[in-house]
Amino acid sequence: MQPTGDFSITIRNISKDKYLPTTVKRSKKSIQQAIIKDLPDKPVLESVMEWRLISEEELAASESPVGTLLSQGTTQWTINRRSVPSGNYQVKFTASIKVGDSVSSGTLKAFDYGFIRVIPAPLRAIIDGGSSVLWGSKDTVTVDGSLSYDVDVGPGNYSGLTFTWSCYHVGDNKSSSDNCFGSFTGDVTLTSIGIIPRGLEIRKLYVLRLTVSKDERSNFAEIVFEIAAGEIPQVSLRCFVDCGKIVSASNKFRVTSECVNYPCIGSEYIWQLMKLNDDSKQLELIAILPNMTSTAINATSMIIKRNSLQSSSKYALNLTVIPPSGTAGFAVLEFETAGQPHSGYCVPSAVVGFSLETKFSFECFEWQDKSTPLSYEFRLGEEPMSYGTSAKSVLTVLPSGSPENNYQLSIKVIIKNAVGVAVTEKLSVKVMPSSQLDPCRSSVEEVSNKLKSFVIGDDSDLDGLLKKGEIGQATQLAITISSTLVEKFTSIKPEDLQMSRTVMSVVKLAGGNQEAQSCNDCGNSADETMKLTDVTTELLKSSLNDIEEPFSDELEESAASITACLKNVLKSASGSGKESGDSRKNTGSEKV
């Protein structure tokens, strides 16, 4: 099958070879984007766009497979985590676009396709407690592995999972014991295991291993433990959020502790941070400065502020619990901070152009990182123009720069890895005012009508972009004009927070401009804006409630967008109320 139609459609970054399909990780959210080109220069009256997924079995069984409708209305399909079963699929994007006018019109159709392989997610074995601990010889210890899960299914569901506990002496894998040298108590196939340490050697290092398996997949986690004579504080550590073997230094790092036995009462807590020296390969103690944390070094939990740790480094966070008398207990949590994407560069398609005439695109090359996939967000100032896993932005028009800056505009490209560590590339383009929009060369009325033609009316450029599902280009055009109709964007239902931020950037701008405008339609705009903020709030809540989703700048920006839009709604309502109040007052005066 070859892509065909009355115009051109291209699905970005997808294989046309069913034997070498593009890999999609079932455990990760990803985005498919299509580009529409070569439409005739006629107004777009309406459009129908569909994303369909056709299984390998359906392709083999039918000459005209229909597939499953997964998304419609825009050129973007967000593949949410765990939404598509593992397997091979054909992805098909079709567009039916009606062009012309009320007298003469025609419907054009086109499609493109590609193949993806959705691969199973890994299992994740997790032992709650830390990386290494010290236990006393008297108290039975219960070790919890219930945080383990199948990433294909999600946390809290143990269906089909097999748990197996064992241990061995440090440095001697061959010494593995299914009953931990006689110290296990209880069933070794449950999510937790009890250890009676009195039969183990004092001050000898052991490794406790939990193996989690399902079908052909398997994963294990380990914790090093040592036994001290007598009864000591039994302390454990848990990374509260934004966790994993590799974390982002640009996010907060939050660790909670638990101390459960009698010696914990009245004990003193002391936190220490160590960093691996790359030359000596030894952990070295570093000072925990007051500006690095939101908690004291003697608190029961530790919150390290964002950007307080060095990227591409290995750390060990140690909590020592000192009882009023006797031996102290401790737990250590080892982790690594991810590095930034590196070795790449970004370039604009043109370095000079004209406002609302030149179509710019921006593309990045050769960026590398061990935490993939990489994502790219292209911004003009603080507003997103384009985002996703594609290293090339959509085509977009730009506003003119200011004469004071020689008409230069700053474009930011944020390249982010899978754990949220980002690097920002800054580009500069010169965008001069369009001669068609120069009030010195044309009348004010001609300039005004030209600007309105971009965004107002069913045959406007803005309306055409929205009908073609080009949300990113439509947003940038609206921001460039700096005057548009809120309703055109509040009618869009975003599929993810990135699209939500893009749409709300226009709604914020347009809503803020209503203060200087007549508010005859403010009530309807406010209602539609409230609906959009409701959708965005639900997306935000979903991300915050997802323990696998790291806390990111996008979450904060989405919350700020909601606040700004609600503020505009309140201002709009206040303005309408004042007008109504004045009207009633005038009516009353006339009666007198």
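Structure: above.
All values reported here derive from a predicted model rather than from experimental measurement. (Residues numbered from 1 in each chain as written. Predicted model: local features only at pLDDT ≥ 70, side-chain atom pairs only at ≥ 80, totals over all residues. Heavy atoms only, no water.)

**Student:** I would appreciate a short explanation of the state of the cysteines in the present structure.
**Tutor:** A covalent bond bridging the sulfur atoms of two cysteines is what the word disulfide describes. Under the defined criterion, the tally for this structure stands at three disulfides. Residue C167 pairs covalently with C180 via a disulfide, S to S 2.0 Å. As the torsion about the S-S bond is roughly 120 degrees, the C167-C180 disulfide counts as right-handed. A residue pair is termed long-range when its members are at least 10 positions apart, and C167 in strand β13 (residues 162–169) and C180 in the loop between β14 (172–177) and β15 (184–185) qualify at 13 residues. Judged by relative accessible area, which is 0%, C180 ranks as buried. Each sulfur in the disulfide pair C346 and C364 lies 2.2 Å from the other. Note on the C346 and C364 pair: the S-S dihedral is about 100 degrees, so by sign convention the disulfide is right-handed. Of this pair, C346 sits in strand β27 (residues 345–348) while C364 sits in strand β29 (residues 362–365); the two residues are 18 residues apart in sequence, bridging distant segments of the chain. (Disulfide = S-S within 2.5 Å. Helix = DSSP H or I, 4+ residues; strand = E, 2+ residues; numbered from the N terminus. Buried < 20%, exposed > 50% of the residue type's maximum accessible area, 1.4 Å probe, protein only.)

**Student:** Even after reading the chapter, I still don't get the sheet that holds strand β8 (residues 105–119), so can you show me in this structure?
**Tutor:** Adjacent strands of a sheet pair through backbone hydrogen bonds, lying either parallel or antiparallel. Within the open sheet, the five strands sit side by side as β2-β8-β7-β4-β5. Their pairing is mixed. In this open sheet, the two edge strands, each paired with only one partner strand, are β2 (22–25) and β5 (68–72). Taking each pair of neighbouring strands and ignoring which way they run, the sheet shows an average axis angle of 35 degrees. Bridge analysis of strand β4 (residues 44–55) against β5 gives four bridges, and the strand direction is antiparallel. Along β5, the bridge assignment pairs E50 with Q72. (Pairing = 2+ DSSP bridges. Axes fitted to C-alpha atoms, helices over the stretch in contact; angles between N-to-C directions.)

**Student:** Could you clarify how one ought to interpret the nonpolar core in this entry?
**Tutor:** Soluble, globular proteins show a tendency: their nonpolar side chains are buried together. Core analysis: the largest hydrophobic core is formed by 48 residues, its most contacted members being W135, V143, W165, L208, F225, F253 and W271. The next biggest cluster of nonpolar side chains, apart from the first, holds 24 residues, and it includes F7, I11, V84 and V99. (Core = buried A, V, L, I, M, F, W, Y, C linked by side-chain atoms within 4.5 Å.)

**Student:** Got a minute to help me understand the sheet that holds strand β3 (residues 30–37) in this structure?
**Tutor:** Pairing is antiparallel in the open sheet, where three strands are placed in the order β1-β3-β6. A single partner strand is all that each edge strand has here, and the edge strands are β1 (8–11) and β6 (76–79). Across this sheet, the average inter-strand angle for adjacent strands is 15 degrees, counted without regard to direction. Relative to β6, β3 is paired through four bridges, and the arrangement is antiparallel. Among the inter-strand pairings, S30 is bridged to a residue of β6, identified as I79.

**Student:** Please explain the environment of G182 as it appears in this structure.
**Tutor:** Structurally, the position occupied by G182 is in the loop between β14 and β15. Spatially, the C-alpha atoms of G182 and L200 are 8.4 Å apart, while their sequence positions differ by 18 residues.

**Student:** Even after reading the chapter, I still don't get the pairing of strand β18 (residues 217–228), so can you show me in this structure?
**Tutor:** Each regular strand carries side chains that alternate between the two faces of the sheet. In terms of strand pairing, strand β10 (residues 132–136) meets β18 through five bridges, oriented parallel. Pairing of W135 across the sheet is with I227, part of β18. Here strand β17 (residues 205–214) runs beside β18; their pairing, made up of 10 bridges, is antiparallel. In the strand pairing of β18, V212 is matched with N219.

**Student:** Looking at this model, I keep getting lost on the pattern of salt bridges. Mind explaining?
**Tutor:** Two side chains bearing opposite charge may form a pair once their charged atoms approach each other closely. Evaluation of the coordinates by the stated rule reveals 12 salt bridges. For the salt bridge of D128 with R238, the shortest nitrogen-to-oxygen distance reads 2.6 Å. In this pair, D128 is assigned in the loop between β9 (123–124) and β10 and R238 in strand β19 (residues 235–241), connecting sequence segments 110 residues apart. Exposure remark for R238: the relative accessible area of 34% places this residue in the partly exposed category. (Salt bridge = Lys/Arg side-chain N within 4 Å of Asp/Glu carboxyl O.)

**Student:** Looking at this model, I keep getting lost on the pairing of strand β25 (residues 313–322). Mind explaining?
**Tutor:** Along β25, eight of the 10 residues are buried, which leaves the element largely enclosed by surrounding structure. Pairing of strand β22 (residues 268–276) with β25, which is carried by eight bridges, proceeds in the antiparallel orientation. If you follow I270 over to β25, its bridge partner there is T320. Bridge count for β25 against strand β26 (residues 329–337) is nine bridges, and the pairing is antiparallel. The residue of β26 that forms the bridge with T320 is F330. Turn length for the β25-β26 hairpin, with the two strands adjacent in sequence and antiparallel, is six residues, and the turn residue G326 shows positive phi of about 100 degrees.

**Student:** I'm lost on unusual backbone geometry in this one. Help?
**Tutor:** Backbone phi values are negative for most residues with the exception of glycine, while trans is the configuration of most peptide bonds. A cis amide bond links T372 to the next residue, P373, at an omega of 5 degrees. Of note, P373 is situated in the loop between β29 and β30 (375–380). Here R203, not a glycine, exhibits a phi torsion of approximately 60 degrees, which is positive. Here R203 shows up in the loop between β16 (192–195) and β17. Even without being a glycine, N307 presents a positive backbone phi close to 65 degrees. Considering the arrangement of structural elements, one finds N307 in the loop between β24 (301–304) and β25.

**Student:** Where do I start with the side chain of S177 in this structure?
**Tutor:** Tracing the backbone through its elements, the reader meets S177 in strand β14. Among the polar contacts listed, one links the side chain of S177 to the side chain of N179, at a separation of 2.7 Å. Within polar-contact distance, the side chain of S177 engages the backbone nitrogen of C180 at 3.1 Å. Ignoring anything within four residues of it in the chain, the contact list for S177 reads S166 and C167. (Polar contact = N/O pair within 3.5 Å; in protein donor to acceptor, adjacent residues only side chain to side chain. Contact = heavy atoms within 4.5 Å.)

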